[in-house]
Structures are given as C-alpha cells and as structure tokens.
Amino acid sequence: MSFLYLVLISISAFFVVRIGYKSVNSFQVSSLVSSIIFIVLYFISYTTISLLSLHFIFTGLCLIFLIISYYEILNLEKKIIDLKNGNIQSLPLPIEKMYKLNFKILGFGLFLLSMALVSGFFMQSVFTSNIIVKISFTLIAWLIYLVTFIGIKFFNLTVKRSVRNLFISLLAVLIAYIANFYLVYN
C-alpha cells in the first residue's frame, strides 16, 4: 500500500471517529486512533523495521497532525463566524481552550516534522541542497512557533491571533517543503 494511501486512510479514520464519538475529549481519542491505525498499517504494509521506516512514520504522523490541526482551525473559525452571525451553537469547549488546543497540536506537528528531519539526517551522509532547504524551513518554523509562544506567555498576545498567524506560517512552510520536493525530483 502506498505511503499517501496510509496517510489518507488514517485521516479518514480520524474523521469517522471524530464524527461518531461525541464527547469533550473526542479530539484526543480520534487523534490517538488515527495515529495507531497509521502505525499498524505501516508495519503491515512494510514489514521491515529500519531507520527509513522510522523516518516515514515520523513524516506520516507529521502530515496527519498538520492536516488535522488545519481542519480543526478552519472548523473553529467557521464556528466563530456562526456565533458572530447569531447562530448560537453549543461548543464542546470554550473558544479560548480550543485555540490553545490547536496551538499545542501545531507544536506537536512541528515536533514530528523535526523528528522526521533528524531521522533523515541519519540516512544521508552528504548534505545536499534538499536537506539544507529542509533544515532552513524547519528552523524558520521553530522560530515562528517560539516567537508566538513567547508572545502568548510574556507579552499578552491573544491565542486566537497567534494560532491564526501560526497556521498561515506553518502552511507556508509545508508548501515550501512540497515545492522543494518537486523542484529536486522533477
């Protein structure tokens, strides 16, 4: 089974569990189920355990968590627009807590991205332009995340605005990674 199919199946499992399991902690349960499904399907499809498989697991989990966080942020923004338009719905958590949860999810996705980069270091003995670009973009993403975190903790930056800006910044980093892949291999 293809790596992208594994990621798509895991994301689909996230949505099925998220829709089917109505609870305050449905996000955590569906994320855990999605991650476990990805890891199990990966080891069923690729039976060898090596540094390459560790790299692909971190990369796949990073993609899963970044896509999930983007969905959650867009879903939260939709709920806020509905609230502003007068369509009062019951939110499972207060809006500020949902933004903080999304901030943590983006941070975890960034951690997984860094772990994929570190595992990629061990596979290559030569620094190529591809790996240098990935290092640069990962460092930029960490810098953005840390500046946002410091702004929230010490300078009273609102979490809502921080998550929105971080969402756009990490989306730009993800696009840069994909563009780097296509420029190097095409």
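Above this note sits the structure.
These numbers come from a predicted model, not from an experiment.

K.L.:
Where do I start with the overall build of the chain in this structure?
P.N.:
A tally of regular secondary structure across the chain gives 6 helices and 0 strands. In the chain, which comprises 186 residues, the proportion classed as buried is 39%. Taking the contacts inside the chain whose residues are at least 6 apart along the sequence as the reference set, 70% of them involve residues at least 24 apart.

K.L.:
Is there a simple way to think about helix 3 (residues 51–84) in this case?
P.N.:
Within an α-helix, residues lying three or four positions from one another point in the same direction, as the helix has 3.6 residues per turn. An ideal rise of 1.5 Å per residue puts 50 Å on 34 residues; helix 3 measures up with 49 Å between its terminal C-alpha atoms. A positive backbone phi angle near 95° is found at glycine 86, which sits one or two residues after helix 3.

K.L.:
Honestly, the packing of aromatic side chains in this entry has me stumped. Any pointers?
P.N.:
Two measures describe an aromatic ring pair: the distance that separates the ring centres and the angle between the ring planes. Within the structure shown, the criterion is met by 13 aromatic pairs. Taking 5.3 Å as the distance between ring centres and 75° as the angle between the ring planes, the aromatic pair formed by phenylalanine 14 and phenylalanine 15 counts as edge-to-face. For phenylalanine 14, a relative accessible area of 0% corresponds to the buried category. Note on phenylalanine 15: relative accessible area 26%, which makes it partly exposed. Where tyrosine 42 meets tyrosine 46, the ring centres are 4.9 Å apart and the plane angle is 40°; that geometry is what we call tilted. Following the ring pairs from residue to residue traces out a cluster consisting of Phe3, Phe38, Tyr42, Phe43, Tyr46 and Phe56.

K.L.:
How should I be thinking about the side chain of serine 114 in this particular structure?
P.N.:
Mapped onto the secondary structure, serine 114 falls in helix 4 (residues 95–123). Apart from residues lying up to four places away in sequence, serine 114 is in contact with Thr138 and Trp142.

K.L.:
Can you help me understand a positive patch on the surface in this one?
P.N.:
A cluster of basic residues, Lys97, Lys100, Lys104 and Lys153, forms a positive patch on the protein surface. For the positive patch, the element with the most residues is helix 4, which contributes 3 residues. For lysine 100, the position within the fold is in helix 4.

Parameters and conventions
Every chain begins its residue count from 1, and numbering advances along the sequence as written. At least 70 in pLDDT is required for a residue's local features to be given in this predicted model, at least 80 for side-chain atom pairs to be given and counted, and no such filter applies to totals for whole chains, interfaces and linings, which use all residues. Side-chain figures throughout are based on the complete set of non-hydrogen atoms in the structure, without hydrogens or water. Helix and strand labels come from DSSP, where a helix needs a run of H or I of at least four residues and a strand needs a run of E of at least two; each type is numbered from the N terminus. With a 1.4 Å probe rolled over the protein chains alone, any residue whose accessible area is under 20% of its type maximum counts as buried; one over 50% counts as exposed, and the rest are partly exposed. In what follows, a contact means two residues having at least one pair of non-hydrogen atoms within 4.5 Å. A helix is expected to span 1.5 Å multiplied by its residue count minus one. What counts as a ring pair is set by centres within 6.5 Å for rings of Phe, Tyr and Trp (its six-membered ring), and what kind of pair is set by the plane angle: stacked under 30 degrees, edge-to-face over 60, tilted for all other angles. Patches here: salt-bridge-free residues with over 30% relative accessible area, like charges joined within 9 Å, nonpolar side chains (Val, Leu, Ile, Met, Phe, Trp, Tyr) joined within 5 Å. Accessible surface is estimated by sampling points in the Shrake-Rupley manner with a 1.4 Å probe; for residues, cover comes only from the protein chains shown. A side-chain nitrogen of Lys or Arg and a carboxyl oxygen of Asp or Glu constitute a salt bridge if their distance falls within 4 Å. Under the counting rule used here, the positive set is Lys and Arg, the negative set is Asp and Glu, and His together with the chain ends is not counted. Lys charges are placed at NZ, Arg charges at CZ, Asp charges at CG and Glu charges at CD.

What is shown is where atoms sit, not what they do.
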